[in-house]
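Structural description and commentary
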Amino acid sequence: EAGVAQSPRYKIIEKRQSVAFWCNPISGHATLYWYQQILGQGPKLLIQFQNNGVVDDSQLPKDRFSAERLKGVDSTLKIQPAKLEDSAVYLCASSLDSGNNQPQHFGDGTRLSIL
Amino acid sequence: AQSVAQPEDQVNVAEGNPLTVKCTYSVSGNPYLFWYVQYPNRGLQFLLKYITGDNLVKGSYGFEAEFNKSQTSFHLKKPSALVSDSALYFCAVPGSSNTGKLIFGQGTTLQVKP
């Protein structure tokens, strides 16, 4: 099966600019996650979708971050305006459903550098 | 709150020797526990999980993990390390909201020397 696809792989922007990331999960996976991985740390959940509904966005900085999964398949994550502290790898993952026993399948991520 | 800890930033082993990457957990209720591996510039890959049952869980690439309830540990092991096992390893536990989101440890870099 095709894995989780993410684009772009790398992005460099200046602070206060905007940026968007795209994710296409594994076909048939109802649950989609966006994680932020800062260098030297484990991934931290930003937002979780079940189909096209938001399950958990408690850790999403909503003043600057937004995400959508309008048709319940692919998803976009946007940052506007970007801050220096947003430099990180943004990982998208998907799973069949939201059960705690479901392994998550990760894309290769987008590495964001803020100048 | 659910959490995991990986006490070692880096583990160094010689190729052919056994390896152990440590993880301890703090959860309410019965734990689900996961191990993932991350190669440079790649996403995380699922290695194995503990749900219930046998305390020794076998996973991908010859890895296994031992669940120890009394020590609240879930250490990752492999009998004979390969240079290609060199990577960043993460232990994880689902959050308390029962929605499947994962709480990750800080990660342990495994370096296998020829």
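This is a predicted model, so every value here is computed, not measured. (Residues numbered from 1 in each chain as written. Chains lettered and ligands numbered in written order. Predicted model: local features only at pLDDT ≥ 70, side-chain atom pairs only at ≥ 80, totals over all residues. Heavy atoms only, no water.)

**As for the pairing of strand β10 (residues 87–94) of chain B**
Residue and element names in this part refer to chain B. For β10, a buried count of seven out of eight residues is recorded, marking the element as mostly surrounded by other parts of the structure. With five bridges joining them, strand β5 (residues 33–38) and β10 adopt antiparallel strand pairing. Residue Trp35 lies in a different strand from β10, and its bridge partner there is Cys91. Two strands pair when backbone bridges link them, and β10 and strand β12 (residues 108–113) are joined in this way by three bridges, in the antiparallel orientation. Across the sheet, residue Leu88 finds its bridge partner in β12, namely Thr109. Pairing between β10 and strand β11 (residues 102–104): three bridges, direction antiparallel. What sits directly across from Val93, in β11, is Ile103. (Buried < 20%, exposed > 50% of the residue type's maximum accessible area, 1.4 Å probe, protein only. Helix = DSSP H or I, 4+ residues; strand = E, 2+ residues; numbered from the N terminus. Pairing = 2+ DSSP bridges.)

**Side note on the pairing of strand β6 (residues 53–56) of chain A**
Residue and element names in this part refer to chain A. Strand direction decides the pairing type here: strand β5 (residues 44–50) and β6, joined by three bridges, are antiparallel. Its bridge partner lying in β6, Gln50 is registered against Gly53. Where β5 hands over to β6, the hairpin turn is made up of two residues, of which Asn51 adopts a positive phi near 55°.

**Some details on the nonpolar core**
Within the largest apolar cluster, 26 residues are counted, with the highest numbers of intra-cluster contacts made by Leu33, Trp35, Leu47, Leu48, Phe74, Leu76 and Tyr89 of chain B. Sort the elements by how many residues they give to this core and β10 of chain B lands first, with four residues. Dropping the residues within four chain positions of it, Tyr89 of chain B is found in contact with Gln6, Val21, Trp35, Tyr36, Val37, Leu47, Phe63, Leu76, Gly107, Thr108 and Leu110 of chain B. Core analysis: the next-biggest nonpolar cluster, separate from the first, contains 21 residues, Trp34, Leu60, Ala88 and Leu112 of chain A among them. (Core = buried A, V, L, I, M, F, W, Y, C linked by side-chain atoms within 4.5 Å. Contact = heavy atoms within 4.5 Å.)

**Some thoughts on the interface of chain B and chain A**
Each partner contributes residues to the interface: chain B has 23 residues there, and chain A has 26 residues. Interface of chain B and chain A: buried area, both sides summed, is about 1,900 Å²; carbon and sulfur atoms make up 47% of it. Per-residue buried area on chain B facing chain A is highest for Asn41, Thr99 and Lys101 of chain B; these three make up 26% of the total on that side. Taken together, chain B and chain A are joined by two salt bridges. (Buried area = accessible area lost by both parts, 1.4 Å probe. Salt bridge = Lys/Arg side-chain N within 4 Å of Asp/Glu carboxyl O.)

**Examining the layout of surface pockets**
Of the volumes computed, that of the largest pocket is approximately 540 Å³. Lining the largest pocket are 26 residues, and of these Gln37, Leu39 and Arg111 of chain A together with Gln38 and Leu88 of chain B sit closest to its centre. Those elements giving two or more residues to the lining of the largest pocket turn out to be β9 (88–95) and β11 (110–114) of chain A together with β10 of chain B. The element that contributes the greatest number of residues to the lining of the largest pocket is β11 of chain A, accounting for three residues. Split into classes, the residues belonging to the lining of the largest pocket amount to ten nonpolar, eleven polar and five charged. (1 Å grid on protein atoms, 1.4 Å probe; cavity = no way out; pocket = protein on both sides within 12 Å on 5 of 7 lines; lining within 4 Å. Points joined across faces, edges and corners; volume = space filled by probe spheres on them. Nonpolar A, V, L, I, M, F, W, Y, C, P; charged D, E, K, R; others polar.)

**Some words on the sheet that holds strand β7 (residues 65–68) of chain A**
Residue and element names in this part refer to chain A. In spatial order, the strands read β1-β3-β8-β7; together these four strands make up an open sheet with antiparallel pairing. Among the strands making up the open sheet, the edge pair consists of β1 (5–7) and β7. Pairs of neighbouring strands in the sheet enclose a mean axial angle of 15°, with direction left out of account. Bridging between β7 and strand β8 (residues 75–79) involves four bridges; their strand directions are antiparallel. Looking at the pairing, Ser66 lines up with Lys78 of β8. (Axes fitted to C-alpha atoms, helices over the stretch in contact; angles between N-to-C directions.)

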